[in-house]
Amino acid sequence: MRNTSLCYIERDGCYLMLHRIKKKNDANRDKWIGVGGGFFEDESPEDCCRREALEETGLTLTAPKLRAVVTFVIDGGENEMMFLFTCSDFTGELRDCDEGTLEWIPKSRIYDLELWEGDRIFLKKIEEPSDFFTLKLVYDRDGGLTEAVLNGTDHLIDRRR
């Protein structure tokens with residue numbers, strides 16, 4: 001299982017979203033996501049979050065907040081444990097990203113974008129004034145969400161056959 005971080009950087013009622021259109025053979029091709037990526041061997045979740053944000057955006061995160069751990073189970077693929085952050089405290093100037101186009105999107109328009117179905121679930125959850133949560137997302141080989149389980153017990157989606 002690989003470990004990753006993902007951060008939704010917030011400013012003025014917007015999230016900084018990455019439209020993944022530049023990399024070839026990208027599992028997230030054409031999707032809109034936060035910024036993040038895989039851990040280096042010696043990194044903590046916070047280290048990875050800060051490094052990935054700086055690499056992809058040019059912004060230095062000063063106070064990322066861990067909101068959730070999301071486990072992805074991918075039929076026929078590599079499973080992933082993702083540490084999900086939000087952050088509204090940062091410094092620096094936004095720069096171009098070699099993985100796609102960065103854009104400040106009003107939170108009210110996020111759901112109009114091309115998002116993974118599971119991302120829609122955790123984006124709604126981080127907008128609630130809630131405690132830390134866990135989420136298990138199970139995807140089939142075609143990228144369809146077949147199961148979503150919140151905090152180990154609450155089946156939000158169960159399309160298993």
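Description of the structure in this document. Note that the structure is predicted; figures quoted are calculated from it, not measured.

Rules used in this analysis
- Residues numbered from 1 in each chain as written.
- Predicted model: local features only at pLDDT ≥ 70, side-chain atom pairs only at ≥ 80, totals over all residues.
- Heavy atoms only, no water.
- Helix = DSSP H or I, 4+ residues; strand = E, 2+ residues; numbered from the N terminus.
- Rg over C-alpha atoms; globule rule 2.2 N^0.38 Å.
- Buried < 20%, exposed > 50% of the residue type's maximum accessible area, 1.4 Å probe, protein only.
- Contact = heavy atoms within 4.5 Å.
- Areas by Shrake-Rupley, 256 points an atom, 1.4 Å probe, with all protein chains shown as cover.
- Lys, Arg positive; Asp, Glu negative; His and termini not counted.
- Charge placed at Lys NZ, Arg CZ, Asp CG, Glu CD.
- Polar contact = N/O pair within 3.5 Å; in protein donor to acceptor, adjacent residues only side chain to side chain.
- Pairing = 2+ DSSP bridges.
- Phe/Tyr/Trp six-rings, centres within 6.5 Å; stacked < 30°, edge-to-face > 60°.
- Lys NZ or Arg CZ within 6 Å of the ring centre and 35° of its normal.

1. Let's talk about the overall build of the protein chain
Link 1 in the chain: A count of helices and strands for the protein chain gives 2 helices and 12 strands.
Link 2 in the chain: Ordered by position from the N terminus, the helices and strands of the protein chain form the series β-β-β-β-α-β-β-β-β-β-α-β-β-β.
Link 3 in the chain: For a compact globule of 161 residues, the expected C-alpha radius of gyration is about 15 Å, and the protein chain comes in at 15 Å, within 12% of that figure.
Link 4 in the chain: With respect to the three principal axes, the spread of C-alpha positions in the protein chain is 50 × 35 × 35 Å.
Link 5 in the chain: A burial count over the protein chain gives 48% of its 161 residues as buried.
Link 6 in the chain: For the protein chain, long-range pairs separated by at least 24 residues make up 61% of all intrachain contacts whose partners lie at least 6 apart in sequence.
Link 7 in the chain: Accessible surface for the protein chain amounts to roughly 8600 Å². Of this, 45% is attributable to carbon and sulfur atoms.
Link 8 in the chain: Treating the 23 positive side-chain charges of the protein chain as one cloud and the 33 negative ones as another, the clouds have centres 3 Å apart.

2. Things to note about the environment of D98
Link 1 in the chain: Residue position: D98 is located in the loop between β8 (90-91) and β9 (101-106).
Link 2 in the chain: Sequence-distant contacts of D98, that is, excluding residues within four places in its chain, are made with K22 and K23.

3. Regarding the side chain of R51
Link 1 in the chain: Mapped onto the secondary structure, R51 falls in helix α1 (residues 45-57).
Link 2 in the chain: In this structure R51 comes out as buried when scored by relative accessible area, which is 15%.
Link 3 in the chain: Within the structure, R51 has its side chain in polar contact with the side chain of E52 (distance 3.1 Å).

4. Quick word on the pairing of strand β1 (residues 2-11)
Link 1 in the chain: The buried count for β1 comes to 7 of 10 residues, which makes it a mostly enclosed element.
Link 2 in the chain: The sheet contact formed by β1 and strand β7 (residues 80-87) spans 8 bridges and is parallel. Its bridge partner lying in β7, N3 is registered against M81.
Link 3 in the chain: Note that β1 and strand β4 (residues 35-38) share 4 bridges and pair antiparallel. Bridging across to β4, S5 finds its partner in G37.

5. Overview of unusual backbone geometry
Excluding glycine, residues mostly carry a negative phi; peptide bonds, for their part, are mostly trans.
Link 1 in the chain: Positive phi outside glycine occurs at D12, with the angle close to 50°.
Link 2 in the chain: By secondary structure assignment, the location of D12 is in the loop between β1 and β2 (14-19).
Link 3 in the chain: Phi at N151 takes a positive value of approximately 50°, unusual for a residue other than glycine.
Link 4 in the chain: Mapped onto the elements of the fold, N151 is located in the loop between β11 (145-150) and β12 (154-158).
Link 5 in the chain: Under the relative-accessibility criterion, N151 is labelled partly exposed at 42%.

6. Remarks on the packing of aromatic side chains
Link 1 in the chain: Summed over all chains, the structure comprises 6 aromatic pairs.
Link 2 in the chain: When the ring of F39 is compared with that of F83, the centres are 5.6 Å apart and the planes differ by 35°; the resulting orientation is tilted. Linking F39 in the loop between β4 and α1 with F83 in strand β7, this pair joins segments that are 44 residues apart in sequence.
Link 3 in the chain: For F83, a relative accessible area of 14% gives the class buried.
Link 4 in the chain: Of the aromatic side chains, those joined through ring pairs into one cluster are Y8, Y15 and F122.
Link 5 in the chain: Here the basic side chain of K107 rests over the ring of Y15, its NZ or CZ set 4.8 Å away from the ring centre.

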